[in-house]
Amino acid sequence: MKLLYCVTKTLLCFIGLLLIHVAGFSQHINLHKKNVQLFDAFKSIGKQSGYNIVYDASLFSREDKIDVDLTSVSITEAIDACLRGKALTYRIDGKSVVIEPKPAGRTESSPGPHTAQTPRRSIISGKVFNDQGQPLIGVSVIVKGTTAGTNTDSLGEYQVSVPEGGRTLVFSYVGYEPQEIVIGGQKIINVALVLKKSETNDVVVVGYGIQKRITTVGAQSTVDVEQLKQPVANLTGLLAGHAAGIIGVQRSGEPGYDNAEIYIRGISTFTSSSPLILVDGVERDFRNVDPEDIATFSILKDASATAVYGVRGANGVILITTKKGRVGKTAINAQYDQGVTAFTKLPQFADGATYLKISNEAYKNSFPSDPLPRYTDGRIDSTSKHLDPDLNPDVDWFDVILRKYGHNRRARVNVNGGSDKAQYYLSIGYYDETGMFKTDNLAKYNSSIRFSRYNFTSNLTLNVTKTTKVDFGASGWISNGNYPGNGTGSIFSNAYIMSPVTIPVKYSNGLSSRPRTADMANPYASLTQSGYATEFNSQLWSNLRATQNLDFLLKGLSLTGMFSFDNSNRHQISRSKSVDGYFATGRDSAGVLQTIQTSIGNEFLGYDRHNGGSRRFYLESAINYKETFGRNSVTGMILYNQSDYVDAFAGDFISSIPYRYMGLAGRATYAFDNKYLAEANFGYNGSETFAPGNRFGLFPSFGAGWVASQESFFDAIKNTVSFLKLRFTYGEVGNSNIGGRRFAYVSTVAQNISGYSYGRNNISNDINGLNFGEYAVNVSWERAKKYNLGIDIKTFNNAISLTVDLFRELRRGIFLKRGDIPYFAGIGSNPYGNIGAVNNKGIDATLDINKRLSKDWNIIFKGNFTYNQPVVIDDANAPWPYPWQQRIGRKLGARFGYVALGLFKSDQEVANSPYQTGITKAGDIKFKDLTGDGKIDANDMAPIGYGSLPEIVYGFGPTVSYKNWSLAAWFKGIAHVDIALSGNGFQPFIYGGERGNLYANITDHWTPDNPNPRPFYPRLTYGNDNMNYQSSSWWTKSGAFLRMQTLELNYDMHDKRWLKGVGISHMNIYFIAYNLMTVSGFKLWDVELGDGNGAQYPLLKTYNLGARLSF
Amino acid sequence: MNSKARIAANIALFSVLFFTSCRKYLDQVPNDRLNMDEVFKKQSLSEQFLANIYSTILDEGDPIHNHPFIGTADDIDFTWSGGGTLNYAVNVGNMGRANLVFDFWQGLYGGIRSANYFMQHIDENDEIRRLHGQDMIDRYKAEARFLRAYFYFCLMRQYGPVILMGDKVIAPDAPADQFQLARSPFDSCVDYVVKELDEVAAQLPLVAQKDGNVSDADYGRATRGMALAVKARLLLYAASPQYNGNTDALLANFKTSTGAPLISPNYDPGKWRKAADAAKAVIDMDIYSLYKDPSGDPLKSLQGIFSQGWNAEQIFVRKGNGLITWDVHCEPRQAGGWSGVGPTQEMVDSYFMSDGKLPSESPLYSETGFTDVDGQQVYNMYMNREPRFYRDVTYNNSIWQGGTMSKPAPVTFYANGPNGRNGHPTDWTKTGYLCRKNVAPQTNVGSGGNGQQQSRPLALFRLGEIYLDYAEALNEADPGNGDVLKYLNMIRDRAGIPQYGAGVNPLPAPASQDEMRKRIWAERKVELAYEGHRFFDIRRWKIAPQVMGVLHGMDITKNDNSFYTRVPTITPHLFLPSYYWWPISQYELDRDRALIENPGY
């Protein structure tokens, strides 16, 4: 943010006033220019002196030119020199120089507003805040149409005397939108300024630097940091739907394990599509960053934005910067909130009696020769009446293991401020969340899920000399997790596998119940009697950057160097145990429960430990150049960096080798009159993972832009379309994060694989096996050619702004295993090669509407939309025999399976239809015989769905504010996505017998009496005896949804006397509901969890109430 | 000036970083890491490579999870129908090239490639040569060659004609057209494998040895007897109707690209002669003998075949195996077992009576009434049977001890009994019997078990089979040859039942070649029960369509003596026309266009 202040400002003619805000701090002004425009001279002086030079644009014209020859003069001398011979004078007011016409020596014949005689002045005072409620210092307050004005003081307060006729105050501050307030009869006017969105002064974060938004040609989007401040621990789940270009889904809500998948513009490769994520310039995992500490959050999407990252940039880049201190009085912000959490949706299972009835039906279908039903009517009756639950259990396992509500809370405090010499930002945050597993009072230990985290951030900026700046940042987090001894995955899967009728939660005689089947554990025992596990993570990030201004060598030149060191640690300790399990076989004549022991437990806690950790060194140094020559703006950059990352607890030799890369990056931009833009970038990188000679690659990119609205011919429609920019970029970027295999250029030997035992007479001669691991191949990174065509448009007086980007990416050389080698060759692990290719096309768009309806009412609407479709060009596989099987030319990740035609209506129809393996009868799924060969086999599999990753992700939300109230909602949706159902708990009787729950919708199935042509389930059978549960279009369901992700109500208070009394300048009370509701056609489980049987920890909804305070 | 100095330092730092040697920074992989060249320089590493080839030998100890050769014939009904029990999918016909079950094609060919690679490179191992001489290199090479031949045999028994790779090791980066290889006619495959086995038999030692001495530590490595035994079984299969003069209509298009039949439609009696000679060659080695317990108790002899590891009957032994799993799945629930390996009534009816006759012929057989045996009411069907029956089958009210049982107790399969269908969702035999052949009662790893395992070597080939191979082949090649009866009778003698035309209480010798064939088949069904032979025998004899289908067991829905009623088992054991061989996967067909699918898939 600091850099924002240093960016050269372009002159803006705005309602008759020209404002220049600069913040350099030279006491010695140097200016040697001939025939320079007066306002250019002012600009230069202002920049060097740090003074705001304020004047009425009508005082002089563009053609007013002067010669100046100043060396090391003071501000007054400089201004004197400029105004020499002109009918102008000035006064210095704080840090502002106000240029005024010289008082006339004679009476003005036609009095202008600023030369009114015998002015009747009134005094207006007030305070200026930013949108956070913090006082703004040095805000220029000008009476519109006059030269009267002042600046706010160090408390953000001002007092201005308004000449007669002054009707409006204009508040302006660098980086903020100017605001005009009609004085009316007010004596006190308090103003909150909002951050500037103006295209000329706004800057965007780009790779290794910042650029003025107007001159940027790349495709970037920014996430509104405010929208990330949700009551969730993990930031990754918030991105999808909050920025154009992000495709993402969250597959688990388990505290501490709830990372979402995020892809920028979708997936373009068969290997890792994860974007490069940089926090303060260093590759870092951002999931645990406290959103309150984030200053900017940018997403770089196209080649011009990412080429500087070379081999790391192809999947897009996310840049996050943390907050830095601002010059000014110390500002303290504090926040606390607390909430309850609940699952968005829990699967509903069939009850015991239903389970038994359905079992009987399925059993009869599979084994018609068995004369007996699977369960007697007596058993069903007893179960439904809950008679003797020891022997007739009826358990809803989710109800048993899960609570209805958990809770979370957040607290944080940050402090920022500073002087010219030093600025600081310090923050500390706390988050905790309690999971929804139940605990048993009998256990002495705590096995509930609890996740807590402490964040700290400190950023320090020191202006060591007038030209040297040092930034130091240290931040990190500590997290503690507490979990049951068994993993969440196994507890959920136990609950999915255990039917409601097999065992009770525990027997009435106190014994722990467990069936005989070895891999079916009592879900309740495995949750509450399995011990506990703790997990401790800590992360420390540190970076030190020095920036040296080299203006004395060449104007606009600077040098910067950075060193960073990151360290992370992870300790997991599990103390697990298990209980003896018993299974009831009946009651004896006296009615005493008879049990057999079915498992032997460990009644004492065991001990198991896992450690992890890593460290990274990163070095960067760069030369930057930036200068404006008249209407020509030029920037340049050359940067060198290198990184060394070590997995401190690597499990094998190869992964213990440091992960390194090094490279050069460069950028040159040129802008003419902010109208014609050109840009070239390059990255030249080397990665250690490739063969010597194949390690370095050059990745160039080029971009051009045209700000049409700057053209004079545009003036005619400028009132309707205030801004219009067209951009095009092309470039090549690489992806060295190809996964699969490091150092593919060396062969490996697979050790400790299957061996053989020899030896008799008690001689053990067991020899471990060894064989080829991976074959050596000379491979390199993937290469992406990226095209981007973008348009930015603003209409209706800037109330509506729209950005649309069309993109295409051709990814070649994708690191894939050869897929065309038959098994008989005996090659265990097929060799890799740069052989895959994918063409990804799409569009993303951002819409902002910001309309102040009246003094009290304001409406903001934001929306974004991303669509992409990657198409396989080469998947390195053998060609498929039939066209419908081809993956090439189809969407990457598309689902394949049988095409369901419906259900067989009769056994006669089965006999007359193509042969399907297994025992097929009426009510079974009938598949389409695409080959027409009379049988259904692998050749009949065709595309049946989009796949598990959505093609469309969108988000939108209105914010309505009225006076101090504001109500904001945010909706997120995905579309063109589907869910394939499979697995335990979903597929009825997948293992035969009492294994696997049944969803409550099991009653919706085909029976001869109810031959519904489109029930949820086909004819039910025991086990795997026909093709019903093969992957097919029958089981592919739409995964689209629209979620109300947040609903937030805010009430703002500032400048209240009672608040001031306790030292609070500003207070905001809010209520946030997160994941409040979801609209989807998919009903079995939270639709975002995706494929399979839904046996994941569901996502959470939370309701939080809290307050933010500023002191 | 101070700041100028700092600037200079900054520039210097920048330059140093910039010009740091890139090469060194990124060169990190050490040269002395393990690679294949190194493997063939060191003895222990080469031996590990060889051990991995050995590990390709299918572990047939655990048919529930590892292979389909038990439980998908008419021998056993595994009770489980769930996704993990693949035999069930085969039995209900739910197997095809899109629904692969127990597909060993890839694994076996992987072993073949490794063996080829080993043979090509083991000569490079100067360390072995220096320490143990060329002999050990030659022997290891012969072991790899034997294994290669055995893997081909395993492929052929399951898939029929196969692709012969010879000594070829196709490079992984070879172009796709080098992978377009076709299958050779079955007879050519047999010729190749037999030639290999003949040659390698001459190189292999009689017993495991090291440096010229018999070595206990090397037992389990390939021997001459193993090579000859594999050859004997292969030639027996090749001489059988499935491969010898098979004119089934389904095979009409099962031909090479040049039109040659992959399975010969012409009957060649000479094949039986070759098979007989091959079996005789194993017998004539004279180092193997039928296992007999010193006590002379036939039951103990019969159990000892399997429980006495490395005994002289065992020819080809896999020491490490999954027999523990077999034990647990066979043990009744009341012993902590899974209670799900049920011999069929068809098998029960195949065991001889103690007088050596089949139940259908013997006056001792009765399906009415009960006999009190140590206080247990035993159905007369189970009385007076041959020792192999009592070794192999746990029937209602038979006495058993093992697993978690602390003392012998009767085992029942009544619906409400401790092992019955009403006591557990899935773990109950659907035939009313449990298998106890080669079940180690000490094994105690089921529910509530203490984890004790009785591991023991698994005999993949044993002399008893070779005797029956010989008798069967000789009866076809030279009916009436005295050896036919001689070796058949040796099996019966050890089983403790009267012989045909010899010994005490002899039965009449079979009068004709046909009659003899029936007797040999009957003997084979019982002697080799649950050892994975029946699966192949019913195919090569082409009787599978007749014997498969609806199988039977006792009526497990009952709690009284109506239990003793033959009823169809709940799960059918279908035999589809395609089931003579396994399907070649679609994956393979797509990558090798010269490969054709097996008939019927």
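Since this is a predicted model, take the numbers as computed values, not measurements.

Rules of the game
- Residues numbered from 1 in each chain as written.
- Chains lettered and ligands numbered in written order.
- Predicted model: local features only at pLDDT ≥ 70, side-chain atom pairs only at ≥ 80, totals over all residues.
- Heavy atoms only, no water.
- Helix = DSSP H or I, 4+ residues; strand = E, 2+ residues; numbered from the N terminus.
- Buried < 20%, exposed > 50% of the residue type's maximum accessible area, 1.4 Å probe, protein only.
- Contact = heavy atoms within 4.5 Å.
- Areas by Shrake-Rupley, 256 points an atom, 1.4 Å probe, with all protein chains shown as cover.
- Lys, Arg positive; Asp, Glu negative; His and termini not counted.
- Charge placed at Lys NZ, Arg CZ, Asp CG, Glu CD.
- Patch = residues over 30% accessible without salt bridge, like charges linked within 9 Å, V, L, I, M, F, W, Y side chains within 5 Å.
- Salt bridge = Lys/Arg side-chain N within 4 Å of Asp/Glu carboxyl O.
- pLDDT = per-residue confidence, 0-100.
- Polar contact = N/O pair within 3.5 Å; in protein donor to acceptor, adjacent residues only side chain to side chain.
- Buried area = accessible area lost by both parts, 1.4 Å probe.
- Phe/Tyr/Trp six-rings, centres within 6.5 Å; stacked < 30°, edge-to-face > 60°.
- Disulfide = S-S within 2.5 Å.
- Pairing = 2+ DSSP bridges.
- Axes fitted to C-alpha atoms, helices over the stretch in contact; angles between N-to-C directions.
- 1 Å grid on protein atoms, 1.4 Å probe; cavity = no way out; pocket = protein on both sides within 12 Å on 5 of 7 lines; lining within 4 Å.
- Points joined across faces, edges and corners; volume = space filled by probe spheres on them.
- Nonpolar A, V, L, I, M, F, W, Y, C, P; charged D, E, K, R; others polar.

### A word on the overall build of chain A
Here's step 1: For chain A, the helix and strand inventory stands at 13 helices and 54 strands.
Here's step 2: Expressed as lengths along the three principal axes of its C-alpha atoms, the size of chain A is roughly 120 × 70 × 60 Å.
Here's step 3: A burial count over chain A gives 57% of its 1111 residues as buried.
Here's step 4: For chain A, restricting intrachain contacts to residue pairs at least 6 apart in sequence, the fraction spanning at least 24 positions comes to 69%.
Here's step 5: For chain A, the accessible surface area stands at approximately 43,400 Å², while carbon and sulfur atoms represent 56% of it.

### Regarding the overall build of chain B
Here's step 1: The helix and strand tally for chain B stands at 21 helices and 14 strands.
Here's step 2: In terms of its C-alpha atoms, chain B occupies a principal-axis envelope of roughly 120 × 60 × 55 Å.
Here's step 3: Here the contacts in chain B between residues at least 6 apart in sequence split such that 70% fall between residues at least 24 apart.
Here's step 4: Of the accessible surface of chain B, which amounts to about 20,500 Å², a share of 51% is contributed by carbon and sulfur atoms.
Here's step 5: Here chain B holds 61 positive side-chain charges and 69 negative ones, and the gap between their average locations is 4 Å.

### What about a negative patch on the surface?
Here's step 1: Together, Asp32, Asp37, Glu38 and Glu124 of chain B give the surface a local cluster of negative charge.
Here's step 2: Of note, Glu38 of chain B is situated in helix H3 (residues 36-39).

### A closer look at the confidence of the model for chain A
Residues and elements named next belong to chain A.
Here's step 1: Put simply, chain A has an average pLDDT of 86, and 94% of its residues get 70 or more.
Here's step 2: Model confidence for chain A, summarised as mean pLDDT per element, is weakest for strand S1 (residues 17-20) at 27 and strongest for strand S46 (residues 925-927) at 96.
Here's step 3: Ignoring residues within four places in sequence, the model shows residues 1-26, a span with pLDDT below 50, making 72 contacts including any to other chains.

### Quick look at helix H12 (residues 298-307) of chain B
Residue and element names in this part refer to chain B.
Here's step 1: Among all positions of H12, only Ser301, Leu302, Gly304, Ile305 and Phe306 are buried.
Here's step 2: The secondary structure elements touched by the buried residues of H12 are strand S4 (314-318), helix H15 (387-392), strand S12 (458-462), helix H17 (482-495) and helix H18 (513-527).
Here's step 3: With a side-chain oxygen positioned 2.9 Å from the backbone nitrogen of Leu299, the residue opening H12 is Asp297.

### Quick word on the interface of chain B and chain A
Here's step 1: Facing the 104 residues of chain B at the interface are 109 residues of chain A.
Here's step 2: Between chain B and chain A lies a buried interface of about 9,100 Å² when both sides are counted; carbon and sulfur atoms form 60% of it.
Here's step 3: Of all residues in chain B, Tyr25, Leu26 and Gln28 of chain B give up the largest surface area on contact with chain A, accounting jointly for 8% of the area buried on that side.
Here's step 4: Taken together, the links from chain B to chain A amount to 4 salt bridges.
Here's step 5: Put simply, Asp937 of chain A and Arg97 of chain B hold a salt bridge, and the shortest N to O gap is 3.4 Å.
Here's step 6: Elements with a minimum of two residues in the side of chain B that touches chain A: helix H1 (2-19), helix H2 (22-26), H3, helix H4 (43-54), helix H6 (105-121), S4 and helix H21 (586-591) of chain B.
Here's step 7: Considering each element in turn, the side of chain B that touches chain A owes the most residues, 9 residues, to H1 of chain B.

### Points about the packing of aromatic side chains
Residue and element names in this part refer to chain A.
Here's step 1: Evaluated as defined, the whole model comprises 106 aromatic pairs over all chains.
Here's step 2: Summarising the aromatic geometry, the rings of Phe437 and Tyr1097 are spaced 5.8 Å apart at their centres and angled 80° between planes, so their arrangement reads as edge-to-face. Taken together, the residues span a long stretch of sequence, with Phe437 in the loop between strand S25 (422-434) and strand S26 (450-463) and Tyr1097 in the loop between strand S53 (1066-1080) and strand S54 (1100-1110) at a distance of 660 residues.
Here's step 3: When the ring of Phe743 is compared with that of Tyr745, the centres are 6.4 Å apart and the planes differ by 85°; the resulting orientation is edge-to-face.
Here's step 4: In this structure Phe743 comes out as buried when scored by relative accessible area, which is 0%.

### Looking at the state of the cysteines
What we call a disulfide is simply a covalent bond connecting the sulfur atoms of a pair of cysteines.
Residue and element names in this part refer to chain B.
Here's step 1: Enumeration according to the criterion identifies 0 disulfides over all chains in this entry.
Here's step 2: In this structure Cys189 is a free cysteine whose sulfur lies 14 Å from that of Cys154, the closest cysteine sulfur available.
Here's step 3: Free cysteine: Cys330, not disulfide-bonded; nearest cysteine sulfur from Cys435 at 4.5 Å.
Here's step 4: Exposure remark for Cys330: the relative accessible area of 2% places this residue in the buried category.

### Overview of a nonpolar patch on the surface
All names here are of chain A.
Here's step 1: A grouping of Leu853, Trp857, Ile859, Tyr962, Trp965, Leu967, Leu1049, Ile1069, Phe1071 and Leu1105 is seen on the molecular surface, where their side chains present a nonpolar patch of about 880 Å² in accessible area.
Here's step 2: Among the secondary structure elements, those contributing two or more residues to the nonpolar patch are strand S43 (857-874), strand S49 (965-975) and S53.
Here's step 3: With respect to the secondary-structure elements, Leu1105 resides in strand S54.
Here's step 4: Its relative accessible area of 53% is what places Leu1105 among the exposed residues.

### Points about the sheet that holds strand S8 (residues 140-143) of chain A
Residues and elements named next belong to chain A.
Here's step 1: Reading across the sheet, the 4 strands line up as S9-S8-S11-S12 and stay open at both edges, with antiparallel pairing between neighbours. Whereas interior strands pair on both sides, the edge strands pair on one side only; in this sheet they are strand S9 (149-151) and strand S12 (179-182). On average, adjacent strands in this sheet sit at an angle of 20° to one another, irrespective of strand direction.
Here's step 2: Examined bridge by bridge, S8 and S9 share 3 bridges and lie antiparallel to one another. Across the sheet, Val141 pairs through a bridge with Thr150, a residue of S9.

### Some points on the side chain of Asp290 of chain A
Residue and element names in this part refer to chain A.
Here's step 1: As for its position among the elements, Asp290 is in the loop between strand S20 (282-283) and strand S21 (294-300).
Here's step 2: Judged by relative accessible area, which is 4%, Asp290 ranks as buried.
Here's step 3: Discounting residues that sit within four places of it in the chain, Asp290 has contacts with Arg412, Gly429 and Asn455.

### Comments concerning the sheet that holds strand S19 (residues 276-279) of chain A
Residue and element names in this part refer to chain A.
Here's step 1: On the basis of which strands lie adjacent, the open sheet formed by 5 strands has the order S16-S21-S22-S19-S20 and mixed pairing. The open sheet terminates on both sides in strands that have one partner only, identified here as strand S16 (220-222) and S20.
Here's step 2: Across 4 bridges, S19 lies against strand S22 (residues 317-322) in parallel orientation. Within S22, the residue paired with Ile277 across the bridge is Ile318.

### Concerning the confidence of the model for chain B
Here's step 1: Per-residue pLDDT for chain B has a mean of 92; in total, 96% of the residues score no lower than 70.
Here's step 2: Predicted as a complex, the structure gets a pTM of 0.81 and an ipTM equal to 0.93.

### Thoughts on empty space enclosed by the protein
Residue and element names in this part refer to chain B.
Here's step 1: According to the stated counting rule, one finds 16 cavities of 30 Å³ or more in the structure shown.
Here's step 2: Size it by volume and the second largest cavity reaches roughly 190 Å³.
Here's step 3: What lines the second largest cavity is a set of 15 residues, among which Glu60, Asn438, Leu458, Tyr530 and Glu531 lie closest to the centre.
Here's step 4: Listing elements by their share of the lining of the second largest cavity, those giving two or more residues are helix H13 (323-330) and S12.
Here's step 5: Per-element accounting of the lining of the second largest cavity gives the leading share, 3 residues, to S12.
Here's step 6: Among the residues forming the lining of the second largest cavity, the class breakdown is 9 nonpolar, 3 polar and 3 charged.

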